[in-house]
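# Working through the structure, step by step
The primary structure of each chain is shown beneath.
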Amino acid sequence: MTPVLEARNLKRDYHIPGSLLKKAKTVHAVKGVSFKVEQGKTLSIVGESGCGKSTLARMVTMIDPVTSGEMLIDGQKVDIVAEPLSSDMRSKVQIVFQNPYGSLNPRKKIGDILTEPLIINTKIPAAERRDRAMAMLKKVGLEEKHYSRYPHMFSGGQRQRVAIARALMLNPRLLVLDEPVSALDLSVQAQVLNLLADLQEEFHLTYVFISHDLSVVRHISDDVMVMYFGEAVEYGSRDQVFGDPQHSYTKTLFAATPRVDVEAIKARLERRKRA
Amino acid sequence: MSLLEIQNLVVEFQTASGPFRAVDGVSLKVDEGEVLAIVGESGSGKSVSMLAAMGLLPWTAKVTADKLTFYGRDMQSMSDAERRKIIGKEISMIFQEPVASLNPCFTVGYQIEEVLRVHTDLDRKARRARAIELFQLVGIPNPEERLGHYPHQMSGGQCQRVMIATALACNPKLLIADEPTTALDVTIQKQILDLLMKLQAEHGMGLIMITHDMGVVAETADRVIVQYKGRKIEEADVLSLFENPKSVYTKALLSALPENAVGGRLPTITEKLTDQQIFEGAVR
């Protein structure tokens, strides 16, 4: 079976133009990463801010072109510089951004937000667009009455549901989730993660999940890739990476993650008493 | 004597649809050298209650409390001028967004020295020396040079260190940290938390840690208060809270942690809990 997404040695450079006083500079944001995601699986990409994980997300979503390397979606080579993308290809990959407060247009009703991808990419008539949006609202746990409301009337968790619904309107093969739960409260985070798991099962979706929260990654992923300064320093199945981390950065990352088990608290209190 | 004591604090905001109660009868106490964590989801009133205690809320807020004392001094009857002498000196606060809470128009050195100019009688040279000393304390490399930098020239983690240095400038007795690491990466979060805990232990400060991250609570707190919609739901020492949570809400909150997931799904009991069940299940 061809994987839904395959990347071979992907690179992305950003050129910062010079001025009178500054020399031009090239930033190598992503320095050649390769990975593969099969249908229905979740690949998590972990790393600290500035390590290139969001750049990678933008390349996979075909927002930014790749500088070099190959990207195949459903076995088809994608190069957005060489030729404009067909709306078919566009529909295959969708993205959910980190901050649901920033990614929904405050001047549009939820219904308009949900039907816009259909207007742009398909020739579906208005009545059917509406029906599809209504059905999707229910799928993500909202109600039909929410169709004509504005984003400010919703809580953060509900907004993220709207953003997920919008991403699913075109029946994508691949969903890129760029820190979808890091702006949400703990209990809301659990609801959204459950929703994502349900949707994955129902539509056989493939996820690329970007996060810096290791406990969430451990919960949701099949494969994990750890990035550090634009390079993939570790790539393997979840159990491999969490069970036996090889790279020193991965180990640092694990050590830095706060632990909530009772033993860890006891050990800390003991240390504190002695100090 | 306890450092900060609050009894039955109520904060109300006037809105178009009538008064909104952001904090509803919260009582708390912090002793010297103690780390108290206040946990809650957004809208639980955890930040507002601390801002109210410091008198930093706008005039639209109505703050009432049966008791609001710092070192036995009544903070409510105090004049503004008197209160300003305490705030920033004996009680100081670190905010969530380090980059946003520094003034972009002034160098970080100026902003630290400003605190010293207002609260101490150090002269210019001594202030400079103290600022350098503070930067070393919080682990900012080559402080002499760094003092001349503007906030935008520093990373988020460095800005948070500057905020901590500013807060510690006058050796406060009580430090309130409002989500000090939420905007930071895990590796930087670890460094900042370690730094805060080290400084807390060295100076014997009282520390109030406001957070929604159970991981941060587990790593730092002695005692924990759980808040929901402006009310206190549970208060316990950290070990018994995690080992044996008493209230329904705390139990639900802890079970929603991804590390406690059973199989593919996370239990989301909070979804099914009504406000009434949460409040009735409160253990105060």
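Everything numeric here is computed off the predicted structure, so don't read it as measured data.

## Things to note about the sheet that holds strand β11 (residues 231-237) of chain B
Pairing between sheet strands relies on hydrogen bonds along the backbone, with the strands arranged either parallel or antiparallel. Residues and elements named next belong to chain B. Spatial ordering of the open sheet is given by β7-β8-β9-β3-β10-β11, a layout of 6 strands whose pairing is mixed. Two strands bound the open sheet, and with one partner strand each, they are β7 (91-94) and β11. Averaged over all pairs of adjacent strands, the angle between their axes in this sheet comes to 15°, without regard to strand direction. Bridge count for β7 against strand β8 (residues 174-178) is 4 bridges, and the pairing is parallel. Of the residues in β8, the one forming a bridge with Ser92 is Leu175. Together, β7 and β8 form the strand contacts of helix α7 (residues 156-168), whose direction differs from that of β7 by roughly 175°.

## Overview of the UniProt feature "domain: ABC transporter" (unreviewed entry) in chain A
UniProt annotation of "domain: ABC transporter" (unreviewed entry) refers to residues 5-254 of chain A when read in the numbering used here. Taken end to end, residues 5-254 of chain A is 36% helix and 26% strand, and its two terminal C-alpha atoms sit 28 Å from one another.

## Notes on the nonpolar core
Ile164 of chain A together with Ile164, Met214, Val224 and Phe242 of chain B are the most contacted members of the largest nonpolar core, which totals 106 residues. Once residues within four sequence positions are removed from consideration, Val224 of chain B is found in contact with Leu36, Ala37, Val39, Val217, Glu234, Glu235, Ala236, Val238 and Leu241 of chain B. Counting residues in each nonpolar core, the second largest holds 35 residues, with Ile6, Val11, Leu28 and Ala52 of chain B among its members.

## What to know about unusual backbone geometry
Most of the time, phi is negative for any residue but glycine, and the peptide bond is trans. We note that Met62 of chain A has phi near 65°; this positive angle belongs to a residue other than glycine. Position of Met62 of chain A relative to the elements: it lies in the loop between α1 (53-60) and β4 (68-73). Classification of Met62 of chain A as buried rests on a relative accessible area of 2%. Of note in this structure, Asn8 of chain B is not a glycine but carries a positive phi near 50°. Within the secondary structure layout, Asn8 of chain B lies in strand β1 (residues 4-15).

## Focus on the packing of helix α5 (residues 124-137) of chain B against α7 of chain B
Residues and elements named next belong to chain B. Between α5 and α7, the shortest axis-to-axis distance is 9 Å and the interhelical angle comes to 125°. When the interaxial angle is binned, α5 and α7 end up oblique. Both α5 and α7 take part in a crossing whose hand is right-handed. Of the residues in α7, those in contact with Arg130, Leu134, Phe135 and Leu137 of α5 are Val162, Ala165 and Leu168. Of the residues that constitute the contact of α5 with α7, the class distribution is 6 nonpolar, no polar and 1 charged.

## Section: the state of the cysteines
All names here are of chain B. Following the criterion strictly, the structure yields 0 disulfides over all chains and no others. With no disulfide of its own, Cys105 lies closest to Cys159 among cysteine sulfurs, the gap being 14 Å. For Cys105, a relative accessible area of 58% gives the class exposed.

## Focus on the UniProt feature "domain: ABC transporter" (unreviewed entry) in chain B
When the UniProt feature table is mapped to this numbering, "domain: ABC transporter" (unreviewed entry) covers residues 4-254 of chain B. From the first C-alpha to the last, residues 4-254 of chain B spans 28 Å; its make-up is 40% helix and 27% strand.

## Regarding the interface of chain A and chain B
Facing 30 residues of chain A, the contacting portion of chain B comprises 39 residues. Around 3100 Å² of area is buried between chain A and chain B when both sides are counted, 58% of it from carbon and sulfur atoms. Summed over the shared surface of chain A and chain B, the number is 2 salt bridges. With a shortest N-O distance of 3.0 Å, Arg272 of chain A and Asp222 of chain B are connected by a salt bridge. Across the contact surface, chain A and chain B share 9 residue pairs in polar contact (both at pLDDT 80 or more). Looking at the side of chain A that touches chain B, the elements with two or more residues in it are α6 (186-203), α7 (214-220), α9 (248-256) and α10 (262-274) of chain A. Ranked by residue count, the leading element in the side of chain A that touches chain B is α6 of chain A, at 9 residues. When its residues are assigned to classes, the side of chain A that touches chain B shows 13 nonpolar, 9 polar and 8 charged.

## What about the pattern of salt bridges?
It is possible for side chains of opposite charge to pair when their charged atoms get near one another. This model, assessed by the stated rule, comprises 31 salt bridges over all chains. Across the salt bridge formed by Arg58 of chain A and Asp64 of chain A, the nearest N and O atoms sit 3.1 Å from each other. Where Glu143 of chain A meets Lys145 of chain A, a salt bridge forms, and the shortest distance between an N and an O atom there is 3.3 Å. Judged by relative accessible area, which is 43%, Glu143 of chain A ranks as partly exposed. A network of salt bridges, in which partner residues are shared, links Glu12, Arg21, Asp24, Lys62 and Arg231 of chain B.

Conventions used here
- Counting of residues starts from 1 at the beginning of each chain's written sequence and follows it residue by residue.
- As they are written, the chains are lettered A onward and the ligands numbered 1 onward, keeping that order.
- In keeping with the model being predicted, local features are shown solely for residues with a pLDDT of at least 70 and side-chain atom pairs are shown and tallied solely at 80 or more, while totals for entire chains, interfaces and linings include all residues.
- The side-chain figures draw on all heavy atoms in the structure; neither hydrogens nor water molecules are used.
- Only strands joined by at least two bridges in the DSSP assignment are considered to pair.
- Each helix is a run of H or I in the DSSP string that is no shorter than four residues. Each strand is a run of E no shorter than two, and both are numbered from the N terminus.
- Fitted lines through C-alpha atoms give the axes, limited to the stretch in contact for helices. The angle between two N-to-C directions lies from 0 to 180 degrees.
- Here, residues are in contact when the closest pair of their heavy atoms is within 4.5 Å.
- UniProt positions are given in the numbering used here, feature names are shortened, and annotations may be inferred rather than shown by experiment.
- What makes a nonpolar core is a set of buried Ala, Val, Leu, Ile, Met, Phe, Trp, Tyr and Cys residues whose side-chain atoms join them at distances within 4.5 Å.
- Working definition: with a 1.4 Å probe on protein chains only, accessible area under 20% of the residue-type maximum means buried, over 50% means exposed, and in between means partly exposed.
- Here roughly perpendicular refers to angles of 65 to 115 degrees, roughly parallel to angles under 35, roughly antiparallel to angles over 145, and oblique to all remaining angles.
- Should the near helix be turned anticlockwise from the far one by less than a right angle, the crossing is termed left-handed; should it be turned clockwise, right-handed.
- Gly falls in the polar group here, along with every residue not listed as nonpolar (Ala, Val, Leu, Ile, Met, Phe, Trp, Tyr, Cys, Pro) or charged (Asp, Glu, Lys, Arg).
- For the purposes of this analysis, a disulfide is any pair of cysteine sulfur atoms at a distance within 2.5 Å.
- By buried area we mean the combined loss of accessible area, with a 1.4 Å probe, across both parts when two parts are placed together.
- One side-chain nitrogen of Lys or Arg within 4 Å of one carboxyl oxygen of Asp or Glu is enough to make a salt bridge.
- Pairs of N or O atoms are called polar contacts if they sit within 3.5 Å, as long as, within protein, a hydrogen donor faces a hydrogen acceptor (for residues adjacent in sequence, only side-chain-to-side-chain pairs).

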